[in-house]
Amino acid sequence: MAPGTAEIRSRLPLPDGDYVLTLGAGITDLAGNPLAAQTRPFSIDATGPALVSAEPANGDTGFPTDGVLRFRYDEDLTGEPLASLVNQTTLQSVTVTVAFSDARTITVRPSQPLDPGQRYKLLLSNVRDLAGNFNPMLGLEFTTGLARFALPTALPGTLGLAHVHRSDLDGDGLPDVLAVGAWFDGVTPREGRVLWSR
């Protein structure tokens, strides 16, 4: 140890928190001159960031096929998190983009819509806080919902498709599909029968 250097060791590991080290009384140099009183604040952070919320959560069903996955932690993060997303039926990997939406939230955005009604497994790793502490690898599975528009079902007696319209028919802010087909009244073909709608 270099001259003029002192090493202070705690008898027991200190828990995370803010501390103040006070120096002065009883410390002298070789000539007997006392050290002027000094204080040194310091902090200990040896705990990795904890997951606060996950969207989707493990075991969730009905996740939108065009949804963005979001994971929020209890402290600010840094670095470059890594994620993998795999369809558990086909075992095909999905290309994703990982980014921070704010200092504590990680987003995982698939490059294309997910397959409807499929189970996926996500692994999220390399998540660390500003002190360099890592969070254990996160693994979760979820199932996507059905596609936004279900397969059409024609009503009995229809002859074929005449018109298709896409608009918000019920005022819920989501697009609906309305199809109108030709039908036969026993004499002549006519148009105007609703085949299906969302």
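Q: Help me get a handle on unusual backbone geometry, residues and values and all.
A: The omega angle of the peptide bond from Glu-55 to Pro-56 is 5 degrees, so this bond is cis rather than trans. As for its position among the elements, Pro-56 is in the loop between strand S3 (51–55) and strand S4 (69–73). Its identity as a non-glycine residue notwithstanding, Leu-91 has a phi of 60 degrees, on the positive side. Note that Leu-91 resides in the loop between strand S6 (82–87) and strand S7 (93–94).

Q: How would you summarise the sheet that holds strand S9 (residues 105–110) if you had to cite specific residues and measurements?
A: Reading across from one edge, S3-S4-S9-S8 is the order of the four strands in this open sheet, with antiparallel pairing throughout. At either margin of the open sheet sits one strand with a lone partner, and together these are S3 and strand S8 (96–102). Taken over all neighbouring pairs, the strand axes of this sheet differ in orientation by 15 degrees on average, direction set aside. Alignment of S4 against S9, held across four bridges, turns out to be antiparallel. Bridge pairing links Leu-69 to Val-108 in S9.

Q: Pulling in residues and values, what's your account of the nonpolar core?
A: Ranked by internal contacts, the top residues of the largest apolar core, which has 18 residues, are Leu-69, Phe-71, Tyr-73, Leu-85, Leu-122, Leu-124 and Phe-142. At the level of secondary structure, the elements contributing two or more residues to this core comprise S4, S9, strand S10 (119–125) and strand S12 (138–143). With residues near it in sequence (within four places) discarded, Phe-71 still touches Leu-51, Ser-53, Ala-54, Pro-56, Arg-104, Thr-105, Ile-106, Val-108, Leu-122, Leu-124, Leu-138 and Leu-140.

Cut-offs applied
Residues numbered from 1 in each chain as written. Predicted model: local features only at pLDDT ≥ 70, side-chain atom pairs only at ≥ 80, totals over all residues. Heavy atoms only, no water. Helix = DSSP H or I, 4+ residues; strand = E, 2+ residues; numbered from the N terminus. Pairing = 2+ DSSP bridges. Axes fitted to C-alpha atoms, helices over the stretch in contact; angles between N-to-C directions. Core = buried A, V, L, I, M, F, W, Y, C linked by side-chain atoms within 4.5 Å. Buried < 20%, exposed > 50% of the residue type's maximum accessible area, 1.4 Å probe, protein only. Contact = heavy atoms within 4.5 Å.

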